[in-house]
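# What the coordinates show
Single-letter residue listing:
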Amino acid sequence: ITSISWPLELTFRVFVGTMLCSLISYALCFLVNSDIEEFVIYAAKPMNKEWEYLDLPIFVVISAMLGFMTSLHTRAMLGVSGWRSRMQRRS
C-alpha cells in the first residue's frame, strides 16, 4: 500500500502531523537556543567516508542485540494480549 491509495483524509492527517512535528522541532531548538542545523541527522556537506571491514563486527553485534530485543518485545506484546483477553472474559 502506498500513499497514492490512501484516502484524502489520511493524507491530510499525515501532512498536518508532519508539519506539527516540524514546528515542534523548531520550537524546541529555539527554547534551548540551538540552531536547526545542529538537530538534523544528515551531513550538510558531502563526505567521502567509506566503510571498512572492521565496521562489520560492530553491525553484526548491534543486529544480534536488536533481534533479541525484538523477540522480547514480541513476547511481551503477546503476553499483554493474552492478559487483556483473559481480563475481558472475566468482565
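Note: the structure precedes this text.
These numbers come from a predicted model, not from an experiment.

Moving on: the overall build of the protein. Looking only at helices and strands, one finds 2 helices and 0 strands in the protein. Radius of gyration (C-alpha) of the protein: 22 Å, far over the 12 Å computed for a compact globule of 91 residues. For the protein, the C-alpha atoms occupy an extent of roughly 60 × 45 × 35 Å along the three principal directions. Every one of the 91 residues in the protein was classed for burial, and the buried ones make up 2%. For the protein, the exposed surface amounts to about 9200 Å²; the carbon and sulfur share of it is 68%. Averaged over its 8 positive side-chain charges, the protein has a centre that lies 27 Å from the centre of its 7 negative ones.

Criteria and thresholds
Residues numbered from 1 in each chain as written. Predicted model: local features only at pLDDT ≥ 70, side-chain atom pairs only at ≥ 80, totals over all residues. Heavy atoms only, no water. Helix = DSSP H or I, 4+ residues; strand = E, 2+ residues; numbered from the N terminus. Rg over C-alpha atoms; globule rule 2.2 N^0.38 Å. Buried < 20%, exposed > 50% of the residue type's maximum accessible area, 1.4 Å probe, protein only. Areas by Shrake-Rupley, 256 points an atom, 1.4 Å probe, with all protein chains shown as cover. Lys, Arg positive; Asp, Glu negative; His and termini not counted. Charge placed at Lys NZ, Arg CZ, Asp CG, Glu CD.

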